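# Geometric and topological summary
Below are the chains, spelled out letter by letter.
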Amino acid sequence: MLKHPLFPQVAVVERISRETADIKTFSVAALKGGVPFNFMPGQCAMLSVPAVGEALFSITSAPAQADFLEFSIKKTGAVTDCLHGIEEGCQIAIRGPYGNGFPVAQLKGRDLLFIGGGIGLAPLRSLINYCLVHRGDYGNIHIVYGARSAADLMQRKELYENWPASPATSVYLTVDTGQEGWDGHVGFVPQYVEELGFSPQNSIALTCGPPIMIKYVLAGLERLGFQPEQIHTTLEMRMKCGVGKCGRCNIGGKYVCRNGPVFNFAELKKLPAEY
Amino acid sequence: MQEIQKARLPQLWEYLAKKAPLYLPQQEDGVINFAPWQEGARVKLESLNTVLPPKSIVFPQWETYLHFTQKARELKLTPTKEPEGSYILFGVRPCDVAGITVLDRVFLQDPVDVFYESRRRCTIISLACNEPDISCFCSAFGLEPGFAPAADIMLWDGDKFLLWQSLTEKGETLTHSLTDLLEVPTPAETESVQCLRETAATVQEQKWGLDGVKERAKDMFNAPIWDSLYRRCLGCGICTYLCPTCHCFDIGDFSRGERGERFRCWDSCMYKDFTLMASGENPRPTQKERVRQRFMHKLSYFPAQHGLYGCVGCGRCVRKCPVNIDITQVIKEAGGSISCA
Amino acid sequence: MKEIMQKMRAEAARVLSSGEVDLVLGWEKGDLWWQSYPVFIENEKKAELLTWDLFCVPNLAKYLLEEIWHKKRVALFFKGCDALGFNQLMQDKRVDREKAFIFAVPCSGLVDPQKVERAGLHQGLLRVERLGDELTFVYKDREKKTAAPWFYYDKCLTCRYPNPVVFDFMLGEPVPVNPRERFTAVKELEGQNVDARFQYWQRQFSRCIRCFACRNVCPACSCRECIFDLTSPRWLGKATELSENQFYHITRAFHMAGRCVDCGECARVCPVQIPLTSLNRKLIKDIDELYGPYDAGVDPQKVPPLVTFNPGDPAAFLESKGV
Ligand code: SF4
Ligand code: SF4
Ligand code: SF4
Ligand code: SF4
Ligand code: FES
């Protein structure tokens with residue numbers, strides 16, 4: 001029997017770990033074990049809880065790193081509410097991978113500047129860990145990450161231990177509002193990036209976070225001398241099919257699910273401002 | 001070329017319907033739509049466009065594609081059998097045939113929508129328009145009211161008979177099986193086809209020049225027309241549901257207890273929840289952005305992505321929009337020209 | 001009609017230039033003969049866009065929801081049916097009488113383009129004019145005259161309030177009121193047995209494509225958040241399954257009970273010609289028979305029968321079940 005292109009496979013949620021008050025990370029494996037499918041950093045998958053619905057999430061684990069896929073999911077609507085309510089061992093449906101992913105070939109030999117805000121670290125993390133596995137292929141790696149408060153920082157073990165311990169890799173953390181017990185930087189991500197003042201020389205910046213943050217980060221990077229082609233970001237649009245057919249994620253001549261979600265700033269400038 | 005006497009059409013339909021399900025325009029409660037032929041069917045070939053385009057057959061308003069059972073932690077997914085593809089669409093107008101080829105671009109591109117592909121195995125018998133309506137503007141897109149190149153068989157209305165020409169191998173095979181019903185037309189009748197085609201094209205009084213519309217439409221994002229056009233829009237989506245090329249869909253689940261099914265159904269960019277994200281953000285917050293999206297998608301975005309216009313000029317949206325929002329006004333705004341012949 | 005059109009333009013220019021209103025809502029003529037659609041005029045110089053012809057059918061009242069939301073004072077034109085819709089919006093506390101300046105346009109009937117098409121008069125038609133009770137269909141090189149009522153919307157033929165019941169300023173003279181019986185179709189259905197009726201409505205509802213045009217155009221459908229749009233919980237699935245279509249129509253009909261002003265807009269906009277008028281009129285007729293005559297939209301001060309309880313109210317629906 002022919003299967004519909006939207007037909008998912010059954011997968012098992014093997015592990016669920018709490019990141020913050022409203023973010024959990026789910027490890028999802030194929031029914032027979034192993035990853036449900038291969039992918040590249042920046043790609044996404046459609047997860048669904050039957051009877052509730054489907055939603056698209058970026059894969060936060062790195063390729064070939066584990067025998068499951070990881071998704072960091074923030075509670076925001078019907079599907080995510082339901083996912084937050086399930087237990088380890090539950091079966092869900094998954095299909096993918098979707099999207100173009102980050103242009104990993106273009107990144108080789110460059111210094112990389114990762115700029116993330118809140119849940120936006122999820123897609124970046126996949127690429128960060130991918131680059132750290134192939135550490136020799138890349139130059140310096142700088143990671144700037146911020147969240148509303150210290151309690152909203154996700155992937156803390158990697159932020160504080162794994163990443164800083166890697167060669168030529170530095171992590172800069174910031175929170176929107178300071179509070180007791182936080183002795184790090186206080187302030188918004190875009191300003192912090194400008195304060196830190198990275199050099200555009202042989203660099204590529206990759207940013208992901210709330211739309212408003214991206215907007216200011218883009219402006220800030222331009223001021224630091226980054227060319228639009230040197231800045232990559234991921235777009236968020238409502239998606240349904242993931243394969244360029246349902247029309248929902250259409251912006252200008254592009255379908256975010258197919259031609260994105262990763263775009264460089266030069267491409268974004270050509271799109272109508274509808275994201 | 002062959003021909004069939006109109007008086008023998010019921011015989012033809014009966015014969016065809018025995019071979020495969022036969023869909024043709026039929027009237028029920030005053031509404032003409034494609035429906036499966038049955039004994040006593042009220043076939044309406046002469047009226048131009050059906051209310052719903054034959055899209056509703058190749059890409060039905062909703063269809064289930066998987067069944068699921070969820071027991072405790074366990075989930076079972078069963079694919080739905082793909083739809084039957086060997087049916088005949090009879091009396092499809094040339095614009096609607098072109099509409100199907102637009103849908104092809106979307107559903108047959110990788111990854112192929114196998115359900116659609118299966119339904120596309122149908123045989124399309126197109127009926128040329130002799131006298132296009134005032135709201136028809138297929139010629140604006142380089143289409144011809146008197147000819148549908150993508151059909152399997154082409155028919156022309158010669159008053160007492162239909163002239164019959166197969167255009168594909170599939171059409172040829174079907175034609176061969178109908179030797180008892182088809183006749184050889186006189187040379188004069190054969191020649192009349194050319195005349196019918198030409199008359200139809202000129203009846204489409206308004207002569208369109210679409211040169212550069214695609215390019216100019218691209219720069220129309222901030223055009224003033226959007227500030228006024230949308231205000232009367234009801235956001236009903238009639239224009240999209242009735243459009244032979246609109247293909248946007250949604251995915252939903254039905255469930256009762258442990259069992260359920262997942263379906264795909266038409267959706268419309270004219271609805272406010274179309275782009276509403278779970279976070280509450282909406283990149284197209286008002287009807288203005290939605291109306292703009294529909295027209296820009298047809299005249300600029302779809303051509304950019306697929307190389308052809310997302311409108312075939314069938315005029316359904318022009319006729320059925322409750323507040324007369326008219327795509328031809330947008331085309332004119334984009335630089336398309338009209339001159340009365 | 002031309003005379004009224006001239007007055008419309010003059011009045012619109014006047015109220016805009018005097019600053020009495022920020023916006024005038026009227027109708028504008030499109031390129032094709034049947035196109036007369038709502039237009040929003042903010043500048044007196046644009047008053048010339050206004051038209052008044054045989055196709056000015058869309059009700060303008062509902063746009064007030066949007067405009068008042070934007071804190072504007074609006075002048076608008078009402079036919080008889082439009083005024084009823086406005087009163088219903090007032091009764092539902094959705095519009096503010098003070099913010100609307102209403103011009104009444106008595107209406108002796110508008111032309112249904114579908115009837116023109118069915119009569120085969122549409123090919124090459126340029127425009128339709130009316131003189132008294134006679135229509136003239138104007139083509140490039142000929143004209144055709146016929147009796148007007150043949151081509152009027154059904155809703156116009158049965159209209160009991162062609163002269164607006166609410167207005168600030170009347171344009172033209174009141175027209176005679178001469179409605180045909182409006183319950184004919186309902187009575188015909190009532191005469192059939194349950195099975196036949198059920199089949200009839202099944203067939204109608206199965207055609208519904210759930211575009212919601214009927215709801216969106218309806219002056220009695222003004223809920224800010226409609227139950228059919230809610231996603232959590234989702235009451236109405238998006239698949240146009242017959243049972244879901246039935247759920248939609250029956251629920252909406254009940255919500256319209258005692259509130260439907262019988263303006264006929266829902267039936268007009270339905271692309272698949274579902275006879276919504278029969279459905280709504282059945283409820284109107286039942287309410288009239290059970291609780292005494294009541295016409296929604298005529299008097300916004302009058303208490304609607306379904307929002308009051310009277311110990312003497314008939315409860316036949318309980319008795320027949322033997323409760
Ligand atoms: S049919 Fe007309 S009113 Fe309805 S959504 Fe389309 S443009 Fe708007
Ligand atoms: S946009 Fe309108 S005219 Fe064009 S194909 Fe669609 S329904 Fe027909
Ligand atoms: S239900 Fe129909 S007839 Fe009644 S008020 Fe609404 S639109 Fe008018
Ligand atoms: S207007 Fe007609 S097709 Fe649309 S939802 Fe209403 S009844 Fe259904
Ligand atoms: S999600 Fe369907 S086209 Fe992109």
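Residues numbered from 1 in each chain as written. Chains lettered and ligands numbered in written order. Predicted model: local features only at pLDDT ≥ 70, side-chain atom pairs only at ≥ 80, totals over all residues. Heavy atoms only, no water.

This next bit is on the interface of chain B and chain C. A common way to state how big an interface is: give the accessible area lost once the parts meet. Counting residues at the interface gives 40 residues for chain B, matched by 41 residues for chain C. Where chain B abuts chain C, roughly 3500 Å² becomes buried across the two surfaces, and 50% of that area is made up of carbon and sulfur atoms. Put simply, chain B and chain C have seven salt bridges between them. C:Glu42 is the partner of B:Arg231 in a salt bridge, and the nearest nitrogen-oxygen pair spans 3.1 Å. Scanning the region where chain B abuts chain C turns up 17 residue pairs in polar contact (both at pLDDT 80 or more). Secondary-structure elements contributing two or more residues to the side of chain B that touches chain C are helix 9 (238-241), strand 11 (249-256), strand 12 (259-266), helix 11 (316-320) and helix 12 (327-333) of chain B. With three residues, the single largest contributor to the side of chain B that touches chain C is helix 11 of chain B. Here the residues of the side of chain B that touches chain C are counted per class, giving 19 nonpolar, six polar and 15 charged. (Contact = heavy atoms within 4.5 Å. Buried area = accessible area lost by both parts, 1.4 Å probe. Salt bridge = Lys/Arg side-chain N within 4 Å of Asp/Glu carboxyl O. Polar contact = N/O pair within 3.5 Å; in protein donor to acceptor, adjacent residues only side chain to side chain. Helix = DSSP H or I, 4+ residues; strand = E, 2+ residues; numbered from the N terminus. Nonpolar A, V, L, I, M, F, W, Y, C, P; charged D, E, K, R; others polar.)

All names here are of chain C. The strand order across the open sheet formed by three strands is 5-6-7, and the pairing between neighbours is antiparallel. The open sheet has two edge strands with one neighbour each: strand 5 (125-131) and strand 7 (143-147). Each strand axis lies, on average, 20° off the axis of its neighbour in the sheet, ignoring direction. Sheet analysis places strand 6 (residues 134-139) next to strand 7, joined by five bridges and oriented antiparallel. Looking at the pairing, threonine 136 lines up with lysine 145 of strand 7. (Pairing = 2+ DSSP bridges. Axes fitted to C-alpha atoms, helices over the stretch in contact; angles between N-to-C directions.)

Residue and element names in this part refer to chain A. Per the domain assignment, the segments making up chain A are domain 1 (9-98) and domain 2 (104-234). Of note, the centres of domain 1 and domain 2, computed from C-alpha atoms alone, are 24 Å apart. At the junction of the two partners, domain 1 supplies 20 residues and domain 2 supplies 16 residues. Across the domain 1 to domain 2 interface the summed buried area is about 1400 Å²; carbon plus sulfur atoms make up 54%. Run the count over domain 1 and domain 2 and you get two salt bridges. Ionic pairing is found between aspartate 22 and arginine 148, a salt bridge with its closest N-O pair at 3.8 Å. One can count seven residue pairs in polar contact (both at pLDDT 80 or more) joining domain 1 with domain 2. (Domains from an automatic or database assignment.)

Residues and elements named next belong to chain C. For ligand 3, the full set of nearby residues is Cys218, Pro219, Arg252, Met256, Cys260, Val261, Asp262, Cys263, Gly264, Glu265, Cys266 and Asn280. Most atoms of ligand 3, that is more than half of them, are within 2 Å of grid points of the second largest cavity. Elements represented by at least two residues in the shell around ligand 3 include exactly helix 9 (242-256) and helix 10 (265-269). Its residues placed into classes, the shell around ligand 3 shows seven nonpolar, two polar and three charged. (Near = heavy atom within 4 Å. 1 Å grid on protein atoms, 1.4 Å probe; cavity = no way out; pocket = protein on both sides within 12 Å on 5 of 7 lines; lining within 4 Å. Sits in = over half its atoms within 2 Å of the grid points.)

The subject of this paragraph is the pairing of strand 7 (residues 111-117) of chain A. Residues and elements named next belong to chain A. When you tally the buried positions in strand 7, you get six out of seven residues, the bulk of the element. Direction of pairing for strand 7 relative to strand 11 (residues 203-208): parallel, over a ladder of six bridges. Each residue of the ladder has a partner; that of glycine 116, found in strand 11, is cysteine 208. Here strand 7 runs beside strand 8 (residues 141-147); their pairing, made up of six bridges, is parallel. In the sheet register, isoleucine 115 faces strand 8, and the bridge partner there is valine 144. Since strand 7 and strand 8 lie parallel, the crossover through helix 3 (residues 121-133) that links them has a hand, and here it is right-handed. (Buried < 20%, exposed > 50% of the residue type's maximum accessible area, 1.4 Å probe, protein only. Right-handed = clockwise from strand over helix to strand, strands pointing away.)

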